[in-house]
Every structure is written in C-alpha cells, then in structure tokens.
Amino acid sequence: MSTINQSGWRPTTPEAGEASDISTFTGNRALMLEEALIFEIGSSETTGVDFDSVPIGKPRFGDLYRDSEIGLPGLSEPETVRHYTRLSRQNYAIDLGLFPLGSCTMKHNPRLNERMARLPGFADIHPLAPVDTVQGALEVIDQLAHWLITLTGMQAVAMSPKAGAHGELCGILAIRSALDAQGQQDRKILLVPTSAHGTNPATAAFAGFSVEDIPATEDGRVDLEALKARLGPDIAGVMITNPNTCGLFERDMKAISDAVHAAGGYVYCDGANFNAIVGRVRPGDLGVDAMHINLHKTFSTPHGGGGPGSGPVVLSAALAPYAPLPFVEKDGDKFHLVEEETAGEHHAGTFGRMTAFNGQMGMFTRALTYILSHGADGLRQVAEDSVLNANYILRSMEDVLDAPFAKYGPCMHEAIFSDRGLPEGLSTIDIAKGLIDEGYHPMTVYFPLVVHGAMLVEPTETESKATLDQFIGAFRSVAARAKNGDPTIRTAPHFAPRRRLDETLAARKPVLAWKAPAAAEAAE
Ligand SMILES: *Cc1c(COP(=O)(O)O)cnc(C)c1O
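Scoring rules and cut-offs
Residues numbered from 1 in each chain as written. Predicted model: local features only at pLDDT ≥ 70, side-chain atom pairs only at ≥ 80, totals over all residues. Heavy atoms only, no water. UniProt positions renumbered as here; feature names shortened; annotations may be inferred. Domains from an automatic or database assignment. Contact = heavy atoms within 4.5 Å. Buried area = accessible area lost by both parts, 1.4 Å probe. Salt bridge = Lys/Arg side-chain N within 4 Å of Asp/Glu carboxyl O. Polar contact = N/O pair within 3.5 Å; in protein donor to acceptor, adjacent residues only side chain to side chain. Helix = DSSP H or I, 4+ residues; strand = E, 2+ residues; numbered from the N terminus. Buried < 20%, exposed > 50% of the residue type's maximum accessible area, 1.4 Å probe, protein only. Near = heavy atom within 4 Å. Areas by Shrake-Rupley, 256 points an atom, 1.4 Å probe, with all protein chains shown as cover. Nonpolar A, V, L, I, M, F, W, Y, C, P; charged D, E, K, R; others polar.

Identification of the chain as glycine dehydrogenase (aminomethyl-transferring) from Sphingomonas leidyi is taken from an unreviewed UniProt entry. Among the UniProt annotations of the chain, the heading Function (unreviewed entry) holds the following wording: "The glycine cleavage system catalyzes the degradation of glycine. The P protein binds the alpha-amino group of glycine through its pyridoxal phosphate cofactor; CO(2) is released and the remaining methylamine moiety is then transferred to the lipoamide cofactor of the H protein."

Caption draft 1: Region of interest: the domain arrangement of the chain. Partitioning the chain into domains gives domain 1 (112-370) and domain 2 (379-508). Here domain 1 and domain 2 have C-alpha centroids that lie 30 Å from each other. Listed by partner, the interface residues are 25 residues for domain 1 and 20 residues for domain 2. Here domain 1 and domain 2 share an interface that buries about 1900 Å² over both sides, 64% of which is from carbon and sulfur atoms. On the surface where domain 1 and domain 2 come into contact, there are 1 salt bridge. At the junction of domain 1 with domain 2, the criterion picks out 6 residue pairs in polar contact (both at pLDDT 80 or more).

Caption draft 2: Summary view of the environment of Thr467. When you line up the elements, Thr467 lands in helix α14 (residues 465-483). Accessibility expressed as a relative area gives 26% for Thr467, which makes it partly exposed. Spatially, the C-alpha atoms of Thr467 and Ile141 are 35 Å apart, while their sequence positions differ by 326 residues. Residue contacts for Thr467: discarding those within four places in its chain leaves Leu98 and Tyr440.

Caption draft 3: Inspection of the site of the ligand at higher detail. Near the ligand you find 13 residues, and of these Ser103, Gly164, Asp270, His296 and Lys297 are the closest. Within the side chain of Asn294, one N or O atom sits 3.0 Å away from an oxygen atom of the ligand. His296 places a polar side-chain atom, nitrogen or oxygen, 2.7 Å from an oxygen atom of the ligand. When the ligand is considered free in solution it has 380 Å² of accessible area, and contact with the protein chains removes 86% of it. At the level of elements, α7 (164-181) and α11 (295-298) are the ones that each hand at least two residues to the shell around the ligand. Broken down by element, the shell around the ligand gets its largest block of residues, 3 residues, from α7. Looking at side-chain class alone, the shell around the ligand contains 3 nonpolar, 7 polar and 3 charged residues.

Caption draft 4: Here's a closer look at the pattern of salt bridges. Taken as a whole and judged by the stated rule, the model has 23 salt bridges. Notably, a salt bridge pairs Arg280 with Glu384, separated by 3.0 Å at the nearest N-O pair. You can see Arg280 sitting in the loop between β5 (266-270) and β6 (290-292) and its partner Glu384 sitting in helix α12 (residues 361-397), a full 104 residues away along the chain. Taking relative accessible area as the criterion, Glu384 reaches 31% and is therefore assigned partly exposed. Where Arg476 meets Asp399, a salt bridge forms, and the shortest distance between an N and an O atom there is 2.7 Å. With Arg476 in helix α14 and Asp399 in the loop between α12 and β10 (415-417), this pair connects stretches of sequence that are 77 residues apart. The exposure class assigned to Arg476 is partly exposed, which follows from its relative accessible area of 28%. Within this structure, Glu114, Arg118 and Arg366 form a network of salt bridges that share partners.

Right, here's the structure in full:
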C-alpha cells in the first residue's frame with residue numbers, strides 16, 4: 001500500500017507491531033545485521049597468520065615486560081573485513097542522507113576537494129620539509145588566508161588552530177595578551193549569552209576568565225540594555241555567536257561592539273555559523289575583534305567523527321599584533337614561514353603558538369578548493385540557499401511544532417522548535433527517536449538551553465527540494481504522532497539495531513574496554 005508522491009519518493013506504512021513479531025535464527029533482519037563484538041566472534045587461540053614462535057630473550061625494558069596473554073581476538077582476513085564492513089553499514093553519514101544536526105552545518109563534501117587534498121604535493125609533505133620544497137603548500141595557506149580575511153573584512157588570520165574550540169582559545173588568548181599589554185590585568189570577566197555553545201564558557205574559563213551570562217530578549221537576541229548596564233573596568237569583553245545558536249541574526253551586533261569598545265573591552269564572535277552570512281556580511285564591519293571560522297562547517301571538508309577540524313581565527317587591527325606563530329609571508333615571489341617572535345616588529349606581541357606546526361594542511365586544501373570552485377558569487381549563494389532551506393523547514397513545520405521565534409520573522413540557517421504543546425510524558429527525545437525509524441539522523445536536541453526541549457534543524461544549502469520535502473513529510477508525521485500521544489513513539493526506534501539506550505549511564509559510566517563475561521562478573 002505505497003504510493004509514489006509528487007517528488008518521486010515512496011512512503012511505506014508498516015503495519016504496527018508486525019515486523020517486530022517475527023524473529024529470525026541469526027537475529028538479522030534482512031540486511032540489518034546483528035553484529036557481535038569482535039572479541040565475541042574471534043578467539044585469542046586462533047589467528048589469521050602463522051607466526052614462528054618467538055625465542056624469549058632478555059627483556060629490553062628491565063622488568064617492564066608482558067607476563068600475560070595480550071587477549072586480542074584472532075580472525076581471518078575475510079572475517080575481519082566483514083566485521084568492520086558490517087559495522088560501517090550501521091553508521092549514518094552525510095553520504096547516506098540528510099543530516100539535520102543544527103549548529104554543525106553537515107553539508108555535502110564535494111569530491112573535487114578530496115581529489116585536491118590527495119595530490120602527493122599536498123598529501124605527502126612533512127611539516128619540517130625545507131621551505132624551498134613546499135612553496136605550493138605555503139601558497140595554498142596564503143591564498144586561503146587571503147580569502148578568509150577578505151570574506152570577513154578583518155586584518156589578519158591565525159591559520160593554525162585545529163578546531164572551532166581551539167580557535168576560540170586562540171582569540172581569547174589574543175584578547176588576554178592585548179589587555180595585558182595595556183596594563184589591564186584586572187579585566188577578568190567575559191560576558192557570554194545564555195544561548196552560547198558550551199565551548200564558549202569553557203574556553204573563557206580555560207583561559208583564566210570568569211564568565212557572566214548576558215540575558216536574552218523575548219525574540220531570542222542579546223539584551224543590549226542589560227549588556228550595556230554590565231560593562232565596566234572589570235569586563236574583558238564579550239563572546240557572541242552570530243548568527244546565534246537559536247538561528248537568529250544579532251541585529252544589534254554593531255551597537256554591541258561599539259558599547260564594548262567604548263568600555264575598553266574586546267568583541268569575540270563565535271563564527272561557527274558563518275555559513276548563513278558568508279558573502280553577505282563581513283564581521284569586521286560589525287566591530288568584531290576576533291572570530292574563528294570552522295572550515296569544517298562553512299567550507300565543507302568532512303567532520304563529525306569523519307575527519308579533523310580546522311578553526312582559523314580572523315583578527316582585527318587591534319588584535320593582529322598578538323596573533324600566534326607561525327605565519328606564512330610572501331617575500332617577492334617566494335613564500336617563507338615566520339617562526340620566531342624576533343622576526344619583525346609585526347609579531348613582537350605574539351602570545352606564542354597554538355600548535356607545533358602550521359595547522360591542518362588537508363583541510364586547508366579542501367577549503368580552498370571549495371572556495372575557488374564556488375567563487376565569490378557562489379559563496380554568497382551558499383548563504384542565501386542555506387537560509388532559504390531552513391526557512392522552508394520552519395514554515396513547513398510551525399503548524400505541528402512550536403517554533404518559539406517564528407512570529408518575529410525568518411530564521412537564518414537553522415530552524416528551532418520546542419516541545420511546548422506535546423502531551424504529558426512525551427518530549428523532544430521521542431521525536432528524535434521517531435526520526436531514526438524514518439531513516440534520519442535526528443536533529444540537535446536540548447540545545448540551546450534557552451529553548452525548552454529544543455530541536456535545532458539545519459538542512460544546509462546542499463539539500464534539494466525533493467530531499468527537504470521527504471524530510472518534512474517524515475518530521476511532520478513523527479511530530480503529529482507525538483502530539484496525538486501515539487504510544488508507539490514512546491518506545492521508538494523500532495527498526496534500529498538497538499532500541500532506547502540508557503544514554504546518561506553510557507555518558508557517565510562508559511565501558512571502554514571489553515572484559516570476558518567471567519572476568520566482568522568477577523569484577524562486579
Ligand atoms: C561547532 C561549534 C563550535 C565548536 O567547534 P569545534 O570545531 O567542534 O570545536 C563552537 N560554537 C558553535 C556555535 C558551534 O556550532
């Protein structure tokens with residue numbers, strides 16, 4: 001009883017309870033395989049290879065030698081390959097379907113990026129290779145730096161930070177150095193909005209600041225008057241995400257920056273959401289002093305368990321002198337690396353290093369490929385299409401789910417919903433689990449904390465209308481089931497290899513090493 005709808009996909013309605021009543025000999029359900037742990041299928045007595053027994057000589061590390069079995073499972077090569085291939089098929093990935101994880105910008109990674117990153121001249125170089133032999137790689141770093149500075153309207157960029165959170169630390173350390181250089185050691189407080197990503201207060205605390213909340217207004221923005229009232233000689237600055245984590249543009253950003261600067265502080269902008277404004281807004285024009293850019297969000301490149309991050313930090317003229325080493329600089333037609341504080345007056349104030357070397361070369365290559373293949377007009381369209389897609393979801397859902405800020409106007413790149421209006425005992429988690437049965441990775445849930453039972457959906461610009469329509473169909477159906485108190489949604493997912501896990505226990509008391517059942521019992 002399935003029909004093909006307009007956009008060409010075929011929704012099926014499983015008979016409730018039917019599939020789960022049938023059990024199979026293996027526990028497999030067609031291609032959904034029940035895979036045991038490798039320790040449970042392999043035994044340490046067997047191996048896939050025949051080794052000669054090793055003559056026991058004198059231990060080379062004194063008394064530090066193994067005196068028990070190593071306990072590795074023994075499997076043949078085909079058994080091993082199948083085990084890991086089966087596990088990999090239980091993963092959800094951006095190459096399988098829409099990944100609506102808000103705040104993460106899970107977009108398609110163009111294959112051209114991979115092709116470029118794998119060129120031996122980029123992939124096989126060593127960070128200590130003589131500068132003369134890696135001119136092309138340095139040119140990539142320099143060109144990317146130029147694009148980042150141009151797109152943000154800032155003065156300088158520190159390329160080496162290796163993730164968004166690492167970039168935050170870089171920017172905040174630059175602010176600390178600038179304040180110290182002015183003899184402003186007493187400025188020890190950073191103001192952070194209640195909607196901030198957890199990395200913001202964590203970074204501030206790690207860098208030795210204390211954190212105070214800035215309240216939000218009804219319409220989900222920073223309360224400018226409350227912020228102004230708190231500014232003073234103890235305030236080092238603010239950390240503000242723009243667009244913010246409710247998917248809203250901070251319209252007062254320029255007024256916020258002006259007020260903070262007038263009070264002697266600095267403005268850090270969390271630029272993780274740059275995708276929504278790239279090519280349209282230059283944070284430098286809004287008075288920002290430092291902002292990290294998640295190359296692994298805005299400029300594609302794999303992330304989310306799939307690859308390393310990269311978080312270059314753009315800096316204003318006021319903070320540029322404190323940027324970390326190393327730098328790529330161009331001298332005539334040659335690139336060279338500035339590695340020492342003494343290399344020139346421009347770097348005299350540097351606070352040191354964020355990493356041993358220059359940053360994530362593979363990510364630089366992917367990001368520059370992405371930027372060059374889109375061009376300036378293409379990047380602007382990225383921002384516009386990502387906002388359009390998010391608003392399409394917002395407006396397609398607001399009659400079935402509470403959308404707390406929808407009445408104040410359009411959203412940016414992500415749409416936010418709350419669990420208001422769901423029946424007693426049903427909440428966001430049930431909708432998220434219901435989406436798993438529909439074949440989707442759930443959206444970001446219970447973040448940001450300012451929205452009760454938040455569901456943060458970011459489709460990105462790379463999804464087609466047909467894909468969005470199918471997702472909206474599934475999301476509406478799951479939301480309607482939750483609204484109507486459908487009891488089967490309380491126990492979703494029904495079609496996943498595992499049902500509801502105790503996620504709190506898994507996070508608080510993770511079991512990180514396998515123990516044979518007998519040993520595990522003895523250890524209880
Ligand atoms: C992703 C994100 C970060 C952290 O970036 P990482 O690369 O994961 O360290 C910080 N702030 C916001 C708003 C984010 O979405």
